[in-house]
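Chain and residue survey
So the chains spell out like this:
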Amino acid sequence: MEHVDTPSLRRAPVQRRSAERLTRILDACAEVLDEQGYEDLSTRAVAARAEVPIGSVYRFFPNKRAMAEALALRNLDGYAERVTAGLAAAGDRLDWRYAMDVVIEEYLVMKRSVPGFALVEFTVPAPQATREANHRVADRLLALLAGPLGLDPAEERLRTAFLVGVEAADALVQLAFRVAPEGDPGIVAETKELLRAYLGRVLD
């Protein structure tokens, strides 16, 4: 599912052909990111990879940053869909600890397998943008988990706890992938334990 409700997108696609072209552009953006990195990402390289005229890229995006931001938002939508499916599959086993495992595991799957995700997860590579993205991810996860777990997404302490949890998990998972290409399993296991201990104060 494309996330196109973003200021970085100049024009939301209406026709199917236009939506398919946007998908090709974002897919190409992800591939070029993996091969060349963010600094060398360009709208021209993406247009060539997507096999579309450069004007087609500019029709949607004014620059490479806007294009990468749209890819980040698509990643967040994809992550939300994966978490939702994981929660639904749990059935009677679902409690908040199981839900946290789903949240971590689905992120790890994307980190290992989704093109471009290593450089553009849920935001473009910039320290301030990362901080803003973690707020967005925390609120999105709380909204997803509120119904299945019977939580109040408007409760301020809960929102703060989810934000702190996301910030901590983000830092530790990045460490896990610096230690090992596929994510050090020991650090991942300790990350889960840390989240359980911390969130238990609020959710138990």
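The structure we're discussing is the one just above.
Remember, predicted model here, so these are calculated numbers, not experimental data.

Bringing the overall build of the protein into the picture now. Within the protein, the regular secondary structure consists of eight helices and zero strands. N-terminal to C-terminal, the α/β element order of the protein is α-α-α-α-α-α-α-α. Here the C-alpha radius of gyration of the protein, 18 Å, is about what a compact globule of 204 residues would show, namely 17 Å. Expressed along its principal axes, the backbone C-alpha trace of the protein runs to roughly 55 × 35 × 30 Å. Within the protein, buried positions represent 45% of all 204 residues. In the protein, the share of contacts with a sequence separation of at least 24, taken over all contacts with a separation of at least 6, comes to 69%. Entry remark: accessible area of the protein is about 10,400 Å², with carbon and sulfur atoms responsible for 53%. Here the protein contributes 26 positive and 31 negative side-chain charges, whose respective centroids are spaced 6 Å apart.

A separate point is the layout of surface pockets. A volume near 500 Å³ is recorded for the largest pocket. In terms of lining residues, the largest pocket is bounded by 27 residues, among which Tyr107, Glu121, Phe122, Asn134 and Asp170 are the most central. Among the elements of the structure, α5 (96-113), α6 (127-149), α7 (156-179) and α8 (185-203) are those that each provide at least two residues to the lining of the largest pocket. If you tally residues by element for the lining of the largest pocket, the top one is α7, at seven residues. Tallied by class, the residues present in the lining of the largest pocket amount to 20 nonpolar, five polar and two charged.

The first and last C-alpha atoms of helix α1 (residues 16-36) sit 30 Å apart over 21 residues, in line with the 30 Å expected at 1.5 Å per residue. In this fold, the buried residues of α1 make contact with α2 (43-50), α3 (54-60) and α4 (64-90). Immediately beyond the C-terminal end of α1, within one or two residues, lies Gly37, with a positive phi of roughly 85°.

Taken N-terminus to C-terminus, the directions of α5 and α8 make an angle of 140°; their axes are 10 Å apart at the nearest point. Here α5 runs over α8; the crossing is right-handed. Mapping the contact onto sequence places Trp96, Arg97, Met100, Asp101, Ile104, Glu105 and Leu108 in α5 and Val188, Lys192, Leu195, Arg196, Leu199, Gly200 and Leu203 in α8. Taken together, the residues of the contact of α5 with α8 sort by class into eight nonpolar, one polar and five charged.

Mapping Glu121 onto the fold places it in the loop between α5 and α6. Within polar-contact distance, the side chain of Glu121 engages the side chain of Tyr107 at 2.7 Å.

What follows covers the packing of aromatic side chains. As enumerated under the stated definition, the model contains six aromatic pairs in all. An angle of 50° between the planes, with centres 6.2 Å apart, marks the rings of Phe60 and Phe61 as tilted. When its relative accessible area of 0% is taken as the criterion, Phe60 is described as buried. On the accessibility criterion, Phe61 (0% relative accessible area) is buried. Their ring planes at 35° and their centres at 5.3 Å tell us that Tyr79 and Phe122 sit as a pair that is tilted. Taken together, the residues Tyr79 in helix α4 and Phe122 in the loop between α5 and α6 connect sequence positions 43 residues apart. Look at Tyr79 and you get buried, because its relative accessible area is 4%. On the basis of relative accessible area, Phe122 is assigned to the buried category, the value being 7%. Among the aromatic residues, those joined into a cluster by ring pairs are Tyr79, Tyr107, Phe117 and Phe122. Taking the ring centre of Phe177 as reference, the NZ or CZ of Lys111 above it sits at 5.5 Å.

Parameters at a glance
Residues numbered from 1 in each chain as written. Predicted model: local features only at pLDDT ≥ 70, side-chain atom pairs only at ≥ 80, totals over all residues. Heavy atoms only, no water. Helix = DSSP H or I, 4+ residues; strand = E, 2+ residues; numbered from the N terminus. Rg over C-alpha atoms; globule rule 2.2 N^0.38 Å. Buried < 20%, exposed > 50% of the residue type's maximum accessible area, 1.4 Å probe, protein only. Contact = heavy atoms within 4.5 Å. Areas by Shrake-Rupley, 256 points an atom, 1.4 Å probe, with all protein chains shown as cover. Lys, Arg positive; Asp, Glu negative; His and termini not counted. Charge placed at Lys NZ, Arg CZ, Asp CG, Glu CD. 1 Å grid on protein atoms, 1.4 Å probe; cavity = no way out; pocket = protein on both sides within 12 Å on 5 of 7 lines; lining within 4 Å. Points joined across faces, edges and corners; volume = space filled by probe spheres on them. Nonpolar A, V, L, I, M, F, W, Y, C, P; charged D, E, K, R; others polar. Expected span 1.5 Å × (residues − 1). Axes fitted to C-alpha atoms, helices over the stretch in contact; angles between N-to-C directions. Left-handed = near helix turned anticlockwise from the far one by under 90°. Polar contact = N/O pair within 3.5 Å; in protein donor to acceptor, adjacent residues only side chain to side chain. Phe/Tyr/Trp six-rings, centres within 6.5 Å; stacked < 30°, edge-to-face > 60°. Lys NZ or Arg CZ within 6 Å of the ring centre and 35° of its normal.

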